[in-house]
Amino acid sequence: MVPSCICDGSDVGECIIGDAGYPLLSWLLTPYRLENGLSLSDLKVEFNRRHSAATAVTLRALARLKDAWKCLQGEGWPPNNQLEMYCTVDTCCTSLNIVIYTEETPVLRDHEENYSKLVRQIAD
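Residues numbered from 1 in each chain as written. Predicted model: local features only at pLDDT ≥ 70, side-chain atom pairs only at ≥ 80, totals over all residues. Heavy atoms only, no water.

Details of the overall build of the protein chain
This is how the line gets drawn: Here a helix means four or more residues in a row that DSSP labels H or I, a strand means two or more in a row labelled E, and each is numbered from the N terminus. A 1.4 Å probe rolled over the protein chains alone gives each residue an accessible area, and that area as a share of the maximum for its type sets the label: buried under 20%, exposed over 50%, partly exposed in between. In what follows, residue pairs with any heavy atoms lying within 4.5 Å of each other are defined as contacts. With residues, only the protein chains shown are counted as cover, and all accessible areas are computed by Shrake-Rupley using a 1.4 Å probe.
Assigned secondary structure in the protein chain consists of three helices and four strands. When the helices and strands of the protein chain are listed from N to C terminus, the series reads β-β-β-β-α-α-α. When burial is assessed residue by residue, the protein chain has 14% of its 124 residues classed as buried. In the protein chain, the share of contacts with a sequence separation of at least 24, taken over all contacts with a separation of at least 6, comes to 18%. Total accessible area on the protein chain is roughly 10,100 Å²; 59% of this is exposed by carbon and sulfur atoms.

Now the structure itself:
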């Protein structure tokens, strides 16, 4: 779930992170820019630091997703329409989350290894 943004004490719903090239909107968080050559306050510098860290996490996640699913890089897959594109991206995200969850959950990983051994024994 995407956290809500608080603006002047009001909940403005979900928000996303954008870089400095985008305008500040109620649903789009952008970093603070220097105005008239003046330095930013410590609070604004800290916000920009956290914004940058969140952006880096997002970019790493997208890179991992694209690396796992080459079709998202446009190789051999031109989507016919927006619904097909949405369904494909959603399926890739869900599948990658399952893989990550399985890798990070020892009980599932152990079960998977035992299952693989059993399958190999039956196949032999």
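Now that the structure is up, let's keep going.
Some points on the nonpolar core
What counts, and what does not: Definition of nonpolar core: a set of buried residues of the types Ala, Val, Leu, Ile, Met, Phe, Trp, Tyr and Cys, connected through side-chain atoms within 4.5 Å.
In terms of nonpolar packing, the biggest core is built from five residues, these being L65, L72, C92, L96 and I100. For this core, the element with the highest residue contribution is helix α2 (residues 82–104), accounting for three residues.

Here we look at the environment of A68
Counting through the fold element by element, A68 comes out in helix α1 (residues 42–68). Separated by 25 residues in sequence, A68 and C93 place their C-alpha atoms 9.7 Å apart.

Comments concerning a nonpolar patch on the surface
Selection rule: Two distance rules govern patches: like charges are joined within 9 Å, and nonpolar side chains (Val, Leu, Ile, Met, Phe, Trp, Tyr) within 5 Å, applied only to residues with over 30% relative accessible area and no salt bridge. Each salt bridge in this description consists of a side-chain nitrogen of Lys or Arg and a carboxyl oxygen of Asp or Glu lying within 4 Å of one another.
Taken together, the side chains of I16, L25 and W27 make up a nonpolar region of the molecular surface, amounting to roughly 280 Å² of accessible area. Looking at the secondary structure, you find I16 in strand β3 (residues 16–17). Residue classification places I16 among the partly exposed residues on the basis of a relative accessible area of 47%.

Thoughts on the packing of α1 against α2
Heads up, the condition is: Whenever a helix is involved, its axis is fitted only over the stretch in contact; in every case the axis is a line through C-alpha atoms, and angles between N-to-C directions fall within 0 to 180 degrees. Roughly parallel means an angle under 35 degrees; roughly antiparallel means over 145; roughly perpendicular covers 65 to 115; every other angle is labelled oblique. Under the convention adopted here, Pro, Cys and the residues Ala, Val, Leu, Ile, Met, Phe, Trp and Tyr are nonpolar, Asp, Glu, Lys and Arg are charged, and Gly plus all remaining residues are polar.
Relative to each other, α1 and α2 sit at 100 degrees, their axes nearing to 10 Å. Accordingly, the angle class assigned to the pair α1 and α2 is roughly perpendicular. Here α1 contributes R64, L65 and A68 to the contact with α2, which in turn contributes C92, C93, L96, I100 and E103. When the residues that make up the contact of α1 with α2 are grouped by side-chain class, the tally is six nonpolar, no polar and two charged.

Regarding the packing of aromatic side chains
Applicable threshold: Note on ring pairs: Phe, Tyr and Trp rings are taken, using the six-membered ring of Trp, and paired if centres are within 6.5 Å. Classes follow the plane angle, with under 30 degrees stacked, over 60 edge-to-face and the rest tilted.
The tally for this structure, following the rule as stated, stands at one aromatic pair. Between Y32 and F47, the ring centres sit 5.3 Å apart and the planes meet at 75 degrees, which makes this aromatic pair edge-to-face. In this pair, Y32 is assigned in the loop between β4 (28–29) and α1 and F47 in helix α1, connecting sequence segments 15 residues apart. Note on Y32: relative accessible area 40%, which makes it partly exposed.

Examining the pattern of salt bridges
Taken as a whole, this structure holds two salt bridges when the rule is applied. Here R49 makes a salt bridge to E46, at a shortest N to O gap of 2.6 Å. Linking R49 with E46, this pair stays in helix α1, spanning three residues, or about one helical turn. Judged by its relative accessible area of 47%, R49 falls in the partly exposed class. Overall, E46 belongs to the partly exposed group, its relative accessible area being 28%. The salt bridge partner of E46 is R50, with a shortest N-O separation of 2.7 Å. Residue E46 and its partner R50 are both found in helix α1; the two are separated by four residues, about one turn of the helix.

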